[in-house]
Amino acid sequence: MAGRIKDDDVKAVRDAVPIDAVVSEYLQLRNAGGGNLKGLCPFHDEKSPSFQVSPSKGLFHCFGCQEGGDTIAFVMKIDHLSFSETVERLAAKAGITLRYEEGGYNPSHQRGERIRLIEAHQAAAEFYVRALESPEAEIGRTFLAERGFDQDAAAHFRVGYSPAGWDHLTRYLRGKGFSDKELITSGLSQDGRRGPIDRFRGRLMWPISDTAGDIVGFGARKLRDDDNGPKYLNTPETPIYKKSQVLYGIDLAKKDIAKASRAVVVEGYTDVMACHLAGVTTAIATCGTAFGNDHIKILRRLLMDNGSARVIFTFDGDSAGQKAALRAFEDDQKFAAETYIAIAPDGMDPCDLRLVKGDDAVRDLVEPRTPLFEFALRQIVGRYDLETPAGRAAALDEAAAVVAKIKTSSVQREVAVQLAGLVGILDQEFVVRRVAQLAHWARNKGGDQGDRGGRGGSQGRGPRGGTPQQTAPAPAFSGPALNLRSPAHRTERELLKLALQRPALVSPAFDAYGVDEFTAPPYAAVRRCIEEAGGAEQGIADDRAYLGAVLDAAPDNTVRSLVTELAVEVFIGKTIDETYAGVQLVHVRLRAVDRRIADVQSSLTRLGSNVAPHELAAAQSEVWVLQQYAQNLRVHGAAAL
């Protein structure tokens, strides 16, 4: 049985897969200065980007939730994989063949569950695509053609066909080496009377990929009248497929969503296809569930919540579509992006619209015109008889409660004024006060927690604008709480950043500094890690290996997090050169010398006349030497080190 992956191969994977390329599969990154990139953290909700990536160091760190590490750590965390699963997955992307301590190359029985399930889905997708060319699949090809999709369109979206027999796919995947347990767990097969049978039979198949592009499930459309199943049948919940956390088409749309700061949310697989073929390449769809919180998180990371971001929802004009729009409005406040709704003439969906009126009509449909909140309010108000005082009062009560959920006070007031016009109440200030009163009651009922994580809430945030201080991980250091950003510790922080990011500027002087020269216990712990990794001088020859050794030397996750934080944080100074490094070296050493002088003089004062003459002479001599050294440091700077 194969053992652990060889260390050399792990290092090769780390070096071969750029961290910024991997992270960019999950969120949009922008320039943060100093060679770093920034984005919205995928591990906690935030409004402003505190997540930074250092491509040159191969590290990431979030200054809000303190998550940090290298490429492997990022993939492990975001995809919930084991270490070996992550290395195997990244190795496959890089084309690296892994070796194990006891020999062998990537044995299938050693591969992690997630990787095996994804490989099964990839094999199934290829099987379905080939099956679409079979005589039996004529009904599927006809279905696509009638909706305006030719062979090239089907190939682009990897649309396939599941044969109508009981176990065609199951037998095929067994032949590929997949066990019955894996097939059942994947959701591709289900238990039958005599063993596993295909879950999808006689249906048109759309592969559903995650943000990274891995196929994790399928959507299957009924084609025959004798099929007693639902119109659309999706993969059940599995270890790799959670319908509330996937968006169909996100793998194809994510780059354009980030580039254009726009996302178009449609209702079905064919709508996504129609939009993309019409040139609306930012279209995505949910997979058999309502658009919810987890979907919002995916889009927010791609949109970066900048001021120009737009999310356009396209819903059918029927009552179900209107209900979907109202549900979307309930979550609207979790976007910093502006949200709009688009409903085609005659209630057509984008697929039908493209068939009837062409690509231009689809592109025109998704141009943002009607704000989602306006549509939602019109739907509410439209249910009441506004000709009567009772009808207007009832409409106001329901709609005002919705407007009160808007967290930005200026926007809330503006919408309240519009609501007054919709309901037909001339006294706009009365409606504004009513909305404000409901908002106040909601805040009091919800307590302080109701204000956290909202669009504009900053209360309870830590000093770096991240997660609330109450939930931040407690430092694993004894003593009183430290403000590590205080002027007293700023120079120590800068010097450690230099030792981690620019070791050539502080070597070899830095390696002669003692752990006790760093007054903040967390910084002393990082200094000790650098020492155990062989010193900053090791970083001159091999930057990444050096940082890896420093991280390996960390005694716990708290210290490890601080190391990644310091390794990616931008420097305070504008010009980072030998002069800047010398200033930090001198300041830290000078403070240490001054502390030693004060300690010796304090000891002499406490002892008074009780000190022995030879001890007094030695102490006075030490003070004199230290004072001379301090003077030289002040006059000559780094040259005196």
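Our structure is the block above this text.
Because the structure is a prediction, the values reported are computed rather than measured.

## Points about the nonpolar core
Counting residues in hydrophobic clusters, the biggest one holds 45 residues, and the most contacted among them are L144, V159, L204, W206 and Y248. In terms of residue count, helix α11 (residues 269-277) provides more of this core than any other element does, five residues in total. Setting aside residues no more than four positions away along its own chain, W206 makes contact with F143, L144, V159, G217, F218, G219, R221, Y232, Y248, Y269, T270 and M273.

## Focus: the sheet that holds strand β3 (residues 51-54)
The five strands are arranged β1-β2-β3-β4-β5 in an open sheet whose pairing can be described as antiparallel. A strand with exactly one partner marks an edge of an open sheet, and here the two such strands are β1 (30-33) and β5 (68-70). The sheet shows a mean angle of 25° between the axes of neighbouring strands, taken without regard to direction. In terms of strand pairing, β1 meets strand β2 (residues 36-39) through three bridges, oriented antiparallel. Considered in β2, the bridge of N31 is made with L37. Relative to the sheet, helix α3 (residues 71-79) contacts β3, β4 (59-62) and β5, its axis offset from that of β5 by approximately 120°.

## Observations regarding the pairing of strand β7 (residues 189-192)
By the bridge criterion, four bridges tie β7 to strand β8 (residues 195-198) in an arrangement that is antiparallel. Residue pairing for β8: S189 is matched across the bridge by D198. The turn joining β7 and β8, which pair antiparallel and follow one another in sequence, is formed by two residues.

## Concerning the sheet that holds strand β13 (residues 283-285)
Pairing is mixed in the open sheet, where five strands are placed in the order β13-β12-β14-β15-β16. Where the open sheet ends on each side, the last strands, each with one partner, are β13 and β16 (370-371). Two elements, strand β15 (residues 338-342) and β16, share two bridges in a ladder whose sense is antiparallel. Bridging from a neighbouring strand, Y340 pairs with P371 of β16. Relative to the sheet, helix α12 (residues 293-303) contacts β12 (262-266) and β14 (310-314), its axis offset from that of β12 by approximately 155°.

## Observations regarding the environment of Q190
Mapped onto the elements, Q190 comes out in strand β7. Separated by 23 residues in the primary sequence, Q190 and D167 have C-alpha atoms spaced 9.9 Å apart.

Here is what the cut-offs are and how they apply
Residues numbered from 1 in each chain as written. Predicted model: local features only at pLDDT ≥ 70, side-chain atom pairs only at ≥ 80, totals over all residues. Heavy atoms only, no water. Core = buried A, V, L, I, M, F, W, Y, C linked by side-chain atoms within 4.5 Å. Buried < 20%, exposed > 50% of the residue type's maximum accessible area, 1.4 Å probe, protein only. Helix = DSSP H or I, 4+ residues; strand = E, 2+ residues; numbered from the N terminus. Contact = heavy atoms within 4.5 Å. Pairing = 2+ DSSP bridges. Axes fitted to C-alpha atoms, helices over the stretch in contact; angles between N-to-C directions.

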